[in-house]
Amino acid sequence: MANYDAIIIGSGIVGSFAAFHLAKAGLKLLVADRNGLASGTSRASDGNLLLSDKGPGLSLDLARDSLRLWHEAIAELGNECEFDVKGATLVTLDPAQVDALRDHATAHAGLGVRAEFHAGGFGHFEPHLAPAV
């Protein structure tokens, strides 16, 4: 039986990315997936690596690290996976939530994430929003 430094179970985005970095570090790997490369959730996802849905803390830190690693991998390997940087728009119809959205944008901006707060007039950002928004 072969000896491996690590066994990766699942070849979705997380497993593949882990295998990529472990292999770059020189480890001998076994990658196993019951249905082939990225056959499950990773293939069915909409491809977002969201920062906007996370508050300051570990989840946001991990998402930012992941985004940085994606940029590094694409610089090294090319963009065969069609990685595309996207933004997000958070909206509310509830006036009581406006301050929370403002605070959220301010916190993200304070951490170096591009975030802007706009109270109304979103037509030039998101032309398909309902007029009431």
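Source: prediction; values computed, not measured.

### Comments concerning the layout of surface pockets
Estimated volume of the second largest pocket: approximately 190 Å³. Gly10, Asp33, Arg34, Gly40 and Thr41 are the residues nearest the centre of the second largest pocket, which is lined by 12 residues in total. A class-by-class count of the residues in the lining of the second largest pocket yields 3 nonpolar, 7 polar and 2 charged.

### Section: the pattern of salt bridges
The full count for this structure, using the stated rule, is 5 salt bridges. Note that Lys54 is salt-bridged to Asp53, the shortest N-O span being 2.7 Å. Looking at Asp53, the relative accessible area reads 49%, which means it is partly exposed. Here Asp99 and Arg102 are joined by a salt bridge, their closest N and O atoms 2.7 Å apart. You can see Asp99 and its partner Arg102 sitting in helix α4 (residues 98–110), 3 residues apart, about one turn around the helix.

### Structural notes on the packing of helix α1 (residues 13–24) against helix α3 (residues 58–77)
Two elements in contact, α1 and α3, have axes whose closest approach is 12 Å; the angle formed by their N-to-C orientations is 65°. α3 is crossed by α1, and the crossing has left-handed handedness. Together, Ile13, Phe17, Phe20, His21 and Lys24 of α1 and Leu69, Trp70, Ala73, Glu76 and Leu77 of α3 make up the contact between the two elements. Per-class residue counts for the contact of α1 with α3 are 7 nonpolar, 1 polar and 2 charged.

### As for the side chain of Ser11
Turning to its location among the elements, Ser11 is positioned in the loop between β1 (6–9) and α1. You can call Ser11 buried: its relative accessible area is 6%. Setting aside anything within four residues of it in sequence, one finds Ser11 in contact with Ser16, Val31, Ala32, Asp33, Gly36, Leu37 and Ala38.

Rules and cut-offs
- Residues numbered from 1 in each chain as written.
- Predicted model: local features only at pLDDT ≥ 70, side-chain atom pairs only at ≥ 80, totals over all residues.
- Heavy atoms only, no water.
- 1 Å grid on protein atoms, 1.4 Å probe; cavity = no way out; pocket = protein on both sides within 12 Å on 5 of 7 lines; lining within 4 Å.
- Points joined across faces, edges and corners; volume = space filled by probe spheres on them.
- Nonpolar A, V, L, I, M, F, W, Y, C, P; charged D, E, K, R; others polar.
- Salt bridge = Lys/Arg side-chain N within 4 Å of Asp/Glu carboxyl O.
- Buried < 20%, exposed > 50% of the residue type's maximum accessible area, 1.4 Å probe, protein only.
- Helix = DSSP H or I, 4+ residues; strand = E, 2+ residues; numbered from the N terminus.
- Axes fitted to C-alpha atoms, helices over the stretch in contact; angles between N-to-C directions.
- Left-handed = near helix turned anticlockwise from the far one by under 90°.
- Contact = heavy atoms within 4.5 Å.

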